[in-house]
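So the chains spell out like this:
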Amino acid sequence: MCAIAFACAADSDDAGDASSAEPAPTVTSDAPAPPTTAAAFVVPDGAAVYQQYCAECHGVDLRGTDKGPSQLSIIYEPNHHGDYAYRVAIREGTREHHWWYGDMPPVEGITDLEIEKVISYIRAEQERLGFEQ
């Protein structure tokens, strides 16, 4: 919580004399103040998150590499691999299936918000580009 200042009502004797008013009391809390820098309010961009955590294996264009499969493959369409499957794979890793690149390790250091952003980005790109057969 941040500090909250309350204005004191001046009594009728000093209503016109602001210089004689007592300072407003301050109420504080033991909780830390929220961050005030502009960076603290930045919401990650899904494309940037994908490039940071996923592109090395799944390709900058989502079309895969020699380390991981294309996210435009028809096997990753939402009715086969839903968003929940993405969440689990990103957080916990997943065993090799539908590909021959080995097991996918968990993605270290990614936040829940970044996971949601990257899934939204992948889904938007799948819709925009279509699926490969």
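None of these values were measured; they are calculated from a predicted model. (Residues numbered from 1 in each chain as written. Predicted model: local features only at pLDDT ≥ 70, side-chain atom pairs only at ≥ 80, totals over all residues. Heavy atoms only, no water.)

Asks: Tell me what's going on with the nonpolar core, and back it up with residues and numbers.
Replies: In terms of nonpolar packing, the biggest core is built from 17 residues, with Tyr50, Leu62, Ile90, Ile110, Val118, Ile119 and Ile122 touching the most fellow members. Within the residue set of this core, elements represented by two or more residues are α1 (46-53), α3 (83-92) and α4 (112-129). If one sorts the elements of this core by residue count, α4 sits on top with 5 residues. Setting aside residues up to four positions removed in sequence, Tyr50 forms contacts with Ala55, His58, Gly59, Val60, Leu62, Val118, Tyr121 and Ile122. (Core = buried A, V, L, I, M, F, W, Y, C linked by side-chain atoms within 4.5 Å. Buried < 20%, exposed > 50% of the residue type's maximum accessible area, 1.4 Å probe, protein only. Helix = DSSP H or I, 4+ residues; strand = E, 2+ residues; numbered from the N terminus. Contact = heavy atoms within 4.5 Å.)

Asks: Any chance you could break down the side chain of Gln71 for me, citing the residues and the numbers?
Replies: In this structure, Gln71 sits in the loop between α2 (55-58) and α3. For Gln71, the side chain forms a polar contact with the side chain of His58, separated by 3.1 Å. There is a polar contact of 3.4 Å between the side chain of Gln71 and the backbone oxygen of Pro69. (Polar contact = N/O pair within 3.5 Å; in protein donor to acceptor, adjacent residues only side chain to side chain.)

Asks: Can you explain the packing of α1 against α4? Please cite residues and give values.
Replies: Relative orientation of the contacting elements α1 and α4 amounts to 100 degrees, with a least axis distance of 8 Å. Overall, the two elements α1 and α4 adopt an arrangement that is roughly perpendicular. The segment α1 lies against α4, with Gly46, Ala47, Val49, Tyr50 and Tyr53 engaging Glu114, Lys117, Val118, Tyr121 and Ile122. Residues of the contact of α1 with α4, tallied by class, amount to 7 nonpolar, 1 polar and 2 charged. (Axes fitted to C-alpha atoms, helices over the stretch in contact; angles between N-to-C directions. Parallel < 35°, antiparallel > 145°, perpendicular 65-115°, else oblique. Nonpolar A, V, L, I, M, F, W, Y, C, P; charged D, E, K, R; others polar.)

Asks: Account for the environment of Asp83, with residues named and values stated.
Replies: Positionally, Asp83 belongs in helix α3. Taking the C-alpha atoms as reference, Asp83 lies 8.8 Å from Glu116; in sequence the two are 33 residues apart. Not counting chain neighbours up to four residues away, the residues in contact with Asp83 comprise Ile119 and Arg123. In terms of polar contacts, Asp83 uses its side chain to reach the side chain of Arg123, at 2.8 Å.

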